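Remarks on the overall topology
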Amino acid sequence: MEVADFANQAWQTARAVVLTRYWSGEEAPPERHAEARLLWSAEALYVRFVYPQREPFVVSSAPETGRKSIGLWDRDVCELYVAPDANAPERYFEFEAAPTGEWLDLAISWHPDGRETDWEFHSGMQTAARIEADTVTITMRVPFAALGRTPHAGERWRANLFRCVGAGDTRGYIAWQPTHAPEPNFHVPQKFGSLEFK
């Protein structure tokens, strides 16, 4: 499936998960909610986010889509965190995509002395975005080769999904599985949910 195939019928076979709460667990207003669906093939993991856009975009005025955008997390963005080894969620990958088509991929490991980020990680991920009226659709395609393994049917990985929206004091950090951190923080692998490959 092409990453920009937003309306492929296969998306309807995936169970929708709805992001409704801030990282803290507090309910977010409906206009900040997002729906996510995940699919997989023998080669890649796909995710599609669909959400309403009721507030001004917070995006780059000169988007660069030919390379990863460090700092993308400070703008409107959807994120996927995935840990291929369910027994080691402290080793995971972060993928981000923006309405502008900008993207970011990182490999992350937690150690007793803190978080280590591989800024040079290159997954070969692809992204696409579509803005229609007051709705945004963002898709990602992540090759399993970059994650070190391909899942088999019935296997469970650890994962979380996020949407960042707004700016300043009103910025919202919406999570599928809230991290309940003292401050906005998505990097809490112990709070990841389960992703089952069917």
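Rules behind the numbers
Residue positions are counted from 1 within each chain, in the order its sequence is given. With the structure being a predicted model, the display of local features is reserved for residues of pLDDT at least 70 and the display and counting of side-chain atom pairs for 80 or more, all residues being used for whole-chain, interface and lining totals. Each side-chain value is derived from all of the structure's non-hydrogen atoms; neither hydrogens nor water enter the calculation. Per-residue accessibility, obtained with a 1.4 Å probe over protein chains only, is compared with the maximum for each type, and a residue is labelled buried under 20%, exposed over 50%, and partly exposed between these values. Where helices and strands are cited, they refer to DSSP runs of H or I of at least four residues and of E of at least two residues respectively, numbered from the N terminus. Two strands form a pair only when DSSP identifies at least two bridges running between them. Salt bridges are defined as contacts in which a side-chain nitrogen from Lys or Arg sits within 4 Å of a carboxyl oxygen from Asp or Glu.

Further remarks concern the pairing of strand β4 (residues 44-52). Within β4, eight of the nine residues are buried, leaving the element largely enclosed by the surrounding structure. By the bridge criterion, six bridges tie strand β3 (residues 34-40) to β4 in an arrangement that is antiparallel. Across the sheet, residue A36 finds its bridge partner in β4, namely F49. Adjacent in sequence and paired antiparallel, β3 and β4 are bridged by three residues. Bridging between β4 and strand β10 (residues 135-143) involves nine bridges; their strand directions are antiparallel. Along β10, the bridge assignment pairs R48 with T139.

What follows concerns the pattern of salt bridges. Where charged atoms from two side chains of opposite charge approach closely, those side chains can pair. The tally for this structure, following the rule as stated, stands at 10 salt bridges. For E35, the salt bridge identified is with R48, shortest N-O distance 3.9 Å. Taken together, the residues E35 in strand β3 and R48 in strand β4 connect sequence positions 13 residues apart. On the basis of relative accessible area, E35 is assigned to the partly exposed category, the value being 25%. A residue is classified by how much of its surface remains accessible, and R48, at 8% relative accessible area, is buried. A salt bridge links K68 to D105; the shortest N-O distance between them is 2.9 Å.

Geometric values such as these leave the question of function open.
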